[in-house]
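If you want the building blocks of each chain, they are given just below.
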Amino acid sequence: MNVTETYDIIIVGAGHAGCEAALAGARLGMNTIMFTVSVDSIAMMPCNPNIGGTSKGHLVRELDALGGEMGKNIDKTFIQSKMLNKSKGPAVHSLRAQADKQDYTREMRKTLENTDNLTIRQGEISELIVEDGKIKGAKTVSGAVYYADAVVLATGVYLKAKCIHGDVCQNTGPNGLMAANHLTASLEANGIKMRRFKTGTPARVDKRTVDFSKMEEQFGDERIIPFSFSTDPQSIQKEQVSCWLTYTNEETHRIIRENIDRSPLFSGMIEGTGPRYCPSIEDKVVKFADKDRHQVFIEPEGLYTNEMYLGGMSSSLPEDVQYAMYHTVPGLEHAKIVRNAYAIEYDCIESGQLLADLQFKNIRGLFSAGQFNGSSGYEEAAAQGIIAGINAVKYIRKEESLVLDRSQAYIGVLIDDLVTKESHEPYRMMTSRAEYRLLLRQDNADLRLTKIGYEVGLVPKERYDYVCEKEQKIEEEIIRLKNCKVGANQKVQKLLEQLGSTPLKTAATLSELIQRPELDYWKVAPLDLERPELSEDVIEQVNINIKYSGYIERQKKQVKNFKKLEGKKIPEGFDYTKVTSLRKEAMQKLDFYRPINIGQASRISGVSPADISVLLIYMEQHKHQ
């Protein structure tokens, strides 16, 4: 007799998406079970040993503000931390931390195992149970049946996974773990359209065989900023481990070019499409033939191991070519490979099948998140995971879904792009994708999203109260600085001269002085006799809001116009064939993607501004019918 159990939510997969979805479900009181092909692979980092980076750091801080776990977990397990792009404006500042891979997995597993309402189960899900267009549960390869009201698919790169280098092709998931070979057939039988994507990873080498004297040492920040808004900054100031920078050269590129026909990327062995913004080294050499060198970052995999990750040199070339090309790189001349570089190919869904809440259009109660949705990266996966988990709970409770829009969060941009755009390659988050990035900074994620996390039920009241108080202090201090004037006296002129700033001709407010490019809140402090005691995070917000006030106000006006279109809801089940003036392509695209509002409709490729005008006129004429 087969095992039969009943839960509220089933999570399929225990990668970064699955972990956040499972924690959200369980913390919101749902009896949740999470399946994984191996309990040892929970929150595994099969590729790069870091969390965050350009735009990805924004996602982690937003996830944290909503009540997620990734930020807290990397704060516990990092070995180096750095704020990227500090020489540029605050919109593109992004936190990035090197992780101790094993420690990261261990800490996340500990959190999951000690979360109420959460069961972890090693086993492969092979079949969905669907009745009358609704999810009812899932079956394992062993025949066990698990009933549930909602299911979240977070399968990562495991579905029918193949690891490939040269002519070697192994039917395994990352790091030699078992692939999940059975679920795809069930998904397709239930009308879900699948496709193949590819990603890759570089070789790992033995630290003892690397000559660091030929490389540039890369240090962490002197003052470490935590990812989580709930982490005490003082508690994570610690000694950090260095990373190293070296470069490929013409000899490296010659070896690659001479062996390009042996690359499965170019020989046709790999069917899947790879990420354009994270290409393999052979891709870089072919596509950027004018470049005489490419960066290679040598990054430790953790304090427990001598394995070093060769960032920037992912490859699927044969083993002998990998040795030859790595040995041309300064500092790697005698490097011994611990793990070969490889490409991994896997099944994921075609775009256009999800609603904005990450629920499948054709199967109610079935949600999905992460690389299964066609994205790439740990951070993108985790961000989708928490939203899918929250919305699975809301679906069960018959509450309105949580949908963040493009003006609220990078998470909103990420999910909106995944559900409205045709994607022909793994999607990677970038700051350039966010139209309102000056408003969506990583430093203000708590101010933007903590209230939502609190209303959902994932953020404790004390955290919410702290953010409300912080918001009030920022507002009061900005008003005070706008009203605090300094005269053109000797003390003021002397300080301005020392700071390389133009002397005053007449009195000015401290706010006006802070707006000068060469000045800021801290530099004008000697002139501020009534300066209150404020925490650094409050001062940072005051400084940014004053300094960039003109740009911020402009973006707020743009958001207002954007909100007008987002506010024009399209009725569920709207019949686009009745809008006879629509072009055929637009009609087909709108019918396929089923946008929830006019703003979303306007972002679908193949739908023109003229089509939107036609749709608006039609909806206005028929709104009372």
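The notes below deal with the structure included here. Quantities reported herein were computed from a predicted structural model and do not represent experimental measurements. (Residues numbered from 1 in each chain as written. Predicted model: local features only at pLDDT ≥ 70, side-chain atom pairs only at ≥ 80, totals over all residues. Heavy atoms only, no water.)

Observations concerning the packing of aromatic side chains
This is how the line gets drawn: Stacked, edge-to-face and tilted are the three classes for Phe, Tyr and Trp ring pairs, Trp counted by its six-membered ring, which pair at centre distances within 6.5 Å; planes under 30 degrees apart are stacked, over 60 edge-to-face, the rest tilted. What counts as a helix is a DSSP run of H or I of at least four residues, what counts as a strand is a run of E of at least two, and both are numbered from the N terminus. The buried label applies to any residue whose accessible area, calculated with a 1.4 Å probe on protein chains only, is under 20% of its type's maximum; exposed applies above 50%, and partly exposed to all values in between. For a ring to carry a charge above it, either NZ of a lysine or CZ of an arginine must fall within 6 Å of the ring centroid while also lying within 35 degrees of the normal to the ring plane.
Applying the stated rule across the entire model yields 10 aromatic pairs. Aromatic side chains Phe574 and Tyr618 sit 6.0 Å apart centroid to centroid with 90° between the ring planes, which places their arrangement in the edge-to-face category. In this pair, Phe574 sits in the loop between α17 (549-567) and α18 (584-593) while Tyr618 sits in helix α20 (residues 609-621), placing the two residues 44 residues apart along the sequence. On the accessibility criterion, Tyr618 (16% relative accessible area) is buried. Taken together through their ring pairs, the aromatic side chains of Tyr7, Phe35 and Tyr146 make up a single cluster. The positively charged end of Lys238 is found above the aromatic ring belonging to Phe78, 4.1 Å away from the centroid. Note that Arg433 overlies the ring of Tyr427, its terminal NZ or CZ placed 4.2 Å from the centroid.

A word on the pattern of salt bridges
Just so we agree on the cut-off: By salt bridge we mean one thing: a side-chain nitrogen of Lys or Arg within 4 Å of a carboxyl oxygen of Asp or Glu.
Under the counting rule described, the total for this entry stands at 47 salt bridges. We note a salt bridge from Lys394 to Glu399, for which the minimum N-O separation is 3.5 Å. Taking the relative accessible area as the measure of exposure, Glu399 reaches 37% and is therefore partly exposed. Residues Arg583 and Glu585 are paired through a salt bridge, measuring 3.5 Å at the closest nitrogen-oxygen approach. Assessed through its relative accessible area of 35%, Arg583 is described here as partly exposed. The class for Glu585 is partly exposed, based on a relative accessible area of 37%.

Focus on the environment of Ser613
Mapped onto the elements, Ser613 comes out in helix α20. On a C-alpha basis, the gap between Ser613 and Ile598 in space is 9.8 Å, while along the polypeptide they are 15 residues apart.

A short note on the pairing of strand β11 (residues 150-153)
Rules: In this description, strands pair whenever DSSP reports at least two bridges between them.
Of the two faces of β11, both are covered, the one formed by Ala150 and Val152 as well as the one formed by Val151 and Leu153. Across 3 bridges, the pairing between β11 and strand β22 (residues 366-368) is parallel. In the sheet register, Val152 faces β22, and the bridge partner there is Phe367.

Re the side chain of Thr115
For clarity, the cut-off: Any N or O atom pair separated by 3.5 Å or less is treated as a polar contact, with the protein-specific requirement of one donor-capable and one acceptor-capable atom, and with residues adjacent in sequence counted only for side-chain atom pairs. Whether two residues touch is decided by their heavy atoms; if any such pair falls within 4.5 Å, the residues are in contact.
The topology assignment puts Thr115 in the loop between α4 (101-113) and β7 (118-122). There is a polar contact of 2.7 Å between the side chain of Thr115 and the backbone oxygen of Thr111. Those residues in contact with Thr115 that sit more than four places away from it in its chain are Leu23, Ala26 and Arg27.

With respect to the sheet that holds strand β3 (residues 32-36)
Heads up, the condition is: Between the N-to-C directions of two axes lies an angle of 0 to 180 degrees, each axis being a line fitted to C-alpha atoms and, for a helix, fitted only over the stretch in contact.
Strand order in the open sheet formed by 5 strands is β7-β3-β2-β11-β22, with parallel pairing between adjacent strands. Looking at the sheet topology across the chains shown, the edges are occupied by β7 and β22. Going across the sheet, the axis of each strand differs from the next one's by a mean of 20°, ignoring polarity. Most of the contacts of helix α1 (residues 16-27) go to β3, to which it runs at about 165°, and overall it touches β2 (9-12), β3, β7 and β11.

Describing the environment of Arg531
Here Arg531 lies in the loop between α15 (510-514) and α16 (536-547). The class for Arg531 is partly exposed, based on a relative accessible area of 34%. Sequence spacing of Arg531 and Leu481 is 50 residues, and the spatial spacing of their C-alpha atoms is 9.2 Å. Contacts of Arg531, omitting those with residues within four sequence positions, involve Arg480, Tyr521, Trp522, Ala525 and Ile539.

A short note on the sheet that holds strand β6 (residues 94-99)
The sheet built from 3 strands is open, its strands ordered β4-β6-β5 with antiparallel pairing. Across the chains shown, the open sheet's two edge strands, defined by having one partner strand only, are β4 (50-52) and β5 (78-84). Here the average twist between neighbouring strands, direction ignored, is 15°. With 6 bridges joining them, β5 and β6 adopt antiparallel strand pairing. By the bridge assignment for β6, Lys82 is matched with Arg96.

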